[in-house]
Amino acid sequence: MVGIRPLKKIWVDGRLVDWDDARVHVLTHGLHYGYAVFEGIRCHETPKGPAIFRLPEHTDRFLNSAKVYRMKLPFDREEINQACIDVVRANGVPTTYLRPIAFSGYGEMGLDPTKSPVQVAVVNFEWGAYLGDAGAEKGIRATVSSWMRIDSRSLPPQAKCAANYANSALAKMEAISAGYDEAILLNSTGVVAEGPGENIFRVIKDVVSTPPASSGILRGITRDSVIRFLKDEHLTFQRTDFTREELFTSDELFYTGTAAGVMPIREVDGRPIGTGNYPITKRLRQRYEGAIHGRLPEYESWLTYVR
Ligand SMILES: Cc1ncc(COP(=O)(O)O)c(C=O)c1O
């Protein structure tokens, strides 16, 4: 079963190749040891044509992830930005998810990745609302995972490395098999960290909070956008830890992420969250949707038009 509709072209190591020709060898080093860094970016239709949301910030995070892993990319910031633009143009589909990835390629086996060449690819494909359109309306059901979020003493959570997502996949599968939509992971100190592929926010008495970067999270670019929206909405915001039980007693809870957008959580482990109305989450979601679709001029500087 292949869920991804093939488009025309994929950018691989500096050139656009046909979709079916973007292949790797089974001895690709990164496939065996998880030594790959990647990004998730979205491009949307706007009144001025397709636009990539916060491309420079995603490219910077991509380059920083590579730096943490001492991965020397044979392309610079401008070339990666241009690769993203080129692949969207070449495929001619305005609403897509972009996945830049850098990985240790086919060279040597063994744990030292520096003996294998670094390969870079950028692919875009159609990907709808990650947790479903119904989730955005009604809110989704989440469970606190029995898996602990990776810790910066073992795998740095702020570097978006493929290996991190084995931890995310364990939490995600556990949540799905228990009948929930998504997981919430606690960190090594027992406080809330994030979802498997989303940051998390809590609203209590009109104060909005999210765990700080030091709590073992990925510094989400959607999280950063929402922090700006909170300022613009004149809402009180705190970067602060919260506990598992404080999830249950929240007035509102929501995830943020490029894949998920701004996604309300209506239940955690059988406890309904708040009244089931999400006035603040809805306002933030509306602003986010307005920003990504180019309807709000105050956020237009976040758009990279591809035409
Ligand atoms: C572990 C994790 N946390 C948070 C996020 C949200 O980050 P962003 O808003 O940049 O997509 C992601 C998605 O990339 C993620 O994988």
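Every chain's residues receive numbers from 1 upward, in the order its sequence appears when written. Restriction of local features to residues with pLDDT of at least 70 applies here, the model being predicted, together with a cutoff of 80 or more for giving and counting side-chain atom pairs; totals for whole chains, interfaces and linings are based on all residues. Side-chain calculation: all heavy atoms of the structure are included, whereas hydrogens and water are not.

Draft legend 1. Examining the overall build of the chain more closely. From N to C terminus, the chain includes eight helices and 17 strands. Radius of gyration: over C-alpha atoms. The globule rule applied is 2.2 Å multiplied by the number of residues raised to the 0.38 power. Rg of the C-alpha trace for the chain: 19 Å, near the compact-globule value of 19 Å for 307 residues, within the 12% margin. Considering only C-alpha atoms, the chain reaches an extent of 55 × 45 × 35 Å along its principal axes. Here the chain holds 307 residues, and the buried ones make up 52% of them. Whether two residues are in contact is decided by their heavy atoms, any of which lying within 4.5 Å being enough. Counting only contacts in the chain whose residues sit at least 6 apart along the sequence, the fraction spanning at least 24 positions is 70%. Carbon and sulfur atoms form 53% of the exposed surface of the chain, whose accessible area is close to 14,200 Å². Looking at charge distribution, the chain has the averaged site of its 38 positive side-chain charges lying 1 Å from that of its 37 negative ones. Per the convention used, a helix needs a DSSP run of H or I reaching at least four residues, while a strand needs a run of E reaching at least two, with both numbered from the N terminus. Only protein chains enter the area calculation, which uses a 1.4 Å probe; residues under 20% of their type maximum are buried, those over 50% are exposed, and those in between are partly exposed. All accessibility values rest on the Shrake-Rupley procedure with a 1.4 Å probe; residue burial counts only the protein chains present in the view. All tallies of charge rest on Lys and Arg as positive and Asp and Glu as negative; His and the ends of each chain are not included. By convention, charge coordinates are those of NZ in Lys, CZ in Arg, CG in Asp, or CD in Glu.

Draft legend 2. Geometry of helix H6 (residues 221-232). The length a helix should cover is 1.5 Å for every residue beyond the first. Compared with an ideal rise of 1.5 Å per residue, which puts twelve residues at 16 Å, H6 spans 17 Å between its outermost C-alpha atoms and is within 8% of the ideal. Looking at H6, one finds that the buried residues are Ile221, Thr222, Arg223, Ser225, Val226, Ile227, Phe229 and Leu230. Where H6 terminates, the next one or two residues include His234, which has phi positive at roughly 55 degrees.

Draft legend 3. The site of the ligand, seen in detail. In the vicinity of the ligand there are 16 residues, among which Tyr165, Glu194, Ile221, Thr222 and Thr258 approach most closely. Here an oxygen atom of the ligand sits 2.7 Å away from a polar atom, N or O, in the side chain of Lys160. Here a polar contact means two N or O atoms within 3.5 Å. Within protein one must be a hydrogen donor candidate and the other an acceptor candidate, and residues neighboring in sequence count only if both atoms are side-chain atoms. Between the ligand and Ile221, the relevant distance is 2.7 Å, taken from an oxygen atom to a main-chain nitrogen or oxygen of the residue. A total of 380 Å² of accessible area belongs to the ligand in isolation, and the protein chains cover 96% of it. For the shell around the ligand, the secondary structure elements donating two or more residues are H6 and strand E14 (252-257). Gly is put with the polar residues, along with every residue not named as nonpolar or charged; the nonpolar set is Ala, Val, Leu, Ile, Met, Phe, Trp, Tyr, Cys and Pro, and the charged set is Asp, Glu, Lys and Arg. For the shell around the ligand, the residue count by class is four nonpolar, seven polar and five charged. Any residue with a non-hydrogen atom lying within 4 Å of a molecule or strand is treated as near it.

Draft legend 4. Region of interest: the domain arrangement of the chain. The domain boundaries assigned to the chain delineate domain 1 (9-125) and domain 2 (133-292). Where each domain starts and ends follows an automatic or database-derived domain assignment. Once you take the C-alpha centre of each, domain 1 and domain 2 turn out to be 26 Å apart. With 19 residues of domain 1 at the contact, the number on the domain 2 side is 21 residues. Between domain 1 and domain 2, roughly 1,700 Å² of surface is buried when both sides are summed, and carbon and sulfur atoms account for 63% of that area. One side-chain nitrogen of Lys or Arg within 4 Å of one carboxyl oxygen of Asp or Glu is enough to make a salt bridge. Where domain 1 meets domain 2, there are one salt bridge. The residue Asp224 makes a salt bridge to Arg54 at a minimum N-O spacing of 2.9 Å. Inspection of the region where domain 1 meets domain 2 yields nine residue pairs in polar contact (both at pLDDT 80 or more). When residues of the side of domain 1 that touches domain 2 are traced back to their parent elements, those giving at least two are strand E3 (36-38), strand E4 (41-44) and helix H2 (55-68). The element that contributes the greatest number of residues to the side of domain 1 that touches domain 2 is H2, accounting for five residues. Class assignment of the residues belonging to the side of domain 1 that touches domain 2 gives a composition of eight nonpolar, six polar and five charged. Note on definitions: buried area is the accessible-area loss of two parts on being combined, 1.4 Å probe, summed for both.

Draft legend 5. Representation of unusual backbone geometry in the model. With phi around 50 degrees, Lys205 is a residue other than glycine that occupies positive phi space. Relative to the helices and strands, Lys205 is located in the loop between strand E11 (199-204) and strand E12 (207-210). The class for Lys205 is exposed, based on a relative accessible area of 69%.

Draft legend 6. The packing of H2 against helix H3 (residues 77-91), seen in detail. Lines fitted to C-alpha atoms define the axes here, with helix axes fitted over just the stretch in contact, and angles between the N-to-C directions of these axes take values from 0 to 180 degrees. The N-to-C vectors of H2 and H3 enclose an angle of 125 degrees; their axes lie 10 Å apart at closest approach. Relative to H3, H2 is oriented oblique. By crossing handedness, the relation of H2 to H3 is classed as right-handed. Along the contact surface, H2 presents Leu55, Pro56, Thr59, Asp60, Phe62 and Leu63, while H3 presents Arg77, Ile80, Asn81, Cys84 and Ile85. Tallied by class, residues from the contact of H2 with H3 come to seven nonpolar, two polar and two charged. By definition in this entry, angles of less than 35 degrees are roughly parallel, angles greater than 145 are roughly antiparallel, angles of 65 to 115 are roughly perpendicular, and the rest are oblique. Note: crossing handedness is left-handed where the near helix turns anticlockwise from the far helix by less than a right angle, and right-handed where it turns clockwise.

Draft legend 7. Structural context of the pattern of salt bridges. Counted by the stated rule, this structure contains 18 salt bridges. Across the salt bridge formed by Arg141 and Glu267, the nearest N and O atoms sit 2.8 Å from each other. Taken as a pair, Arg141 in strand E8 (residues 140-144) and Glu267 in strand E15 (residues 261-268) lie far apart in primary sequence, 126 residues in all. Among the ionic contacts, a cluster of salt bridges with common partners joins Glu233, Arg283, Arg287 and Glu298.

Draft legend 8. Just the packing of H6 against helix H8 (residues 279-292), in detail. The N-to-C vectors of H6 and H8 enclose an angle of 115 degrees; their axes lie 10 Å apart at closest approach. Judged by the inter-axis angle, H6 sits roughly perpendicular to H8. Here the hand of the crossing between H6 and H8 comes out right-handed. Taking contact as the criterion, the partners of Thr222, Val226, Phe229, Leu230 and Asp232 in H6 are, on H8, Leu284, Arg287, Tyr288 and Ala291. Tallied by class, residues from the contact of H6 with H8 come to six nonpolar, one polar and two charged.

Draft legend 9. Examining the nonpolar core more closely. In these notes, a set of buried Ala, Val, Leu, Ile, Met, Phe, Trp, Tyr and Cys residues joined through side-chain atoms within 4.5 Å is what counts as a nonpolar core. Within the largest apolar cluster, 26 residues are counted, with the highest numbers of intra-cluster contacts made by Ile52, Leu98 and Val120. Tallying contributions element by element places H3 first for this core, with six residues. Setting aside residues no more than four positions away along its own chain, Val120 makes contact with Trp11, Val12, Asp13, Phe62, Leu73, Pro74, Phe75, Ile80, Ile101 and Ala102. In terms of nonpolar packing, the next biggest core, distinct from the first, is built from 20 residues, Ala51, Phe201, Leu284 and Ile292 among them.

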